Amino acid sequence: MTPQIVMELAREAVWVVLLVAAPLLLAALAVGLLISIFQAATQINEATLSFIPKIVTMLFMLVLAGPWMLQTLVQFMRHLFESIPFVIG
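Residues numbered from 1 in each chain as written. Predicted model: local features only at pLDDT ≥ 70, side-chain atom pairs only at ≥ 80, totals over all residues. Heavy atoms only, no water.

## Here's the deal with helix H1 (residues 3-42)
Helical geometry: 3.6 residues make up each α-helical turn, so side chains three or four residues apart lie on a common side. Here H1 is 40 residues long and its end C-alpha atoms lie 55 Å apart, about the 58 Å a rise of 1.5 Å per residue gives. Bending of H1 peaks at approximately 45° at the position of Ala 22, with proline Pro 23 no more than four residues after it. Every buried residue of H1 is accounted for by Glu 12, Val 16, Val 20, Pro 23, Leu 24, Ala 27, Ala 28, Val 31, Gly 32, Ile 35 and Gln 39. In the core, the buried residues of H1 are packed alongside helix H2 (51-82). In the stretch just after H1, Gln 43 is the one whose phi turns positive, near 60°. (Helix = DSSP H or I, 4+ residues; strand = E, 2+ residues; numbered from the N terminus. Expected span 1.5 Å × (residues − 1). Bend = angle between axes of the 7 residues up to and from the residue. Buried < 20%, exposed > 50% of the residue type's maximum accessible area, 1.4 Å probe, protein only. Contact = heavy atoms within 4.5 Å.)

As structure tokens, then:
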């Protein structure tokens, strides 16, 4: 196993993690921003106000993007398992 192979596998793994996490993180970011704007406009200073909408939004995004996320992870794992002979020998 050469250092180039290790770096390529690590780069692919980081890319897959970013792709899989992006829908959930972007949805949470958007909801948090909207709630922050609402809190600034109404001068409500409650830190716990954003938790429930973020959780609901993330669950909704998980339902919507879950199959794609699972497919992406399975495809990456299949690629890793298929590349074992090339990595070892």
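## Notes on the environment of Ser 50
Positionally, Ser 50 belongs in the loop between H1 and H2. Expressed as a C-alpha distance, the spacing of Ser 50 and Gly 32, which sit 18 residues apart in the sequence, is 6.4 Å.

## A short note on H2
The largest bend in H2 amounts to roughly 60° and is located at Ala 65, with the proline Pro 67 lying one to four residues further along. At its buried positions, H2 is contacted by H1.

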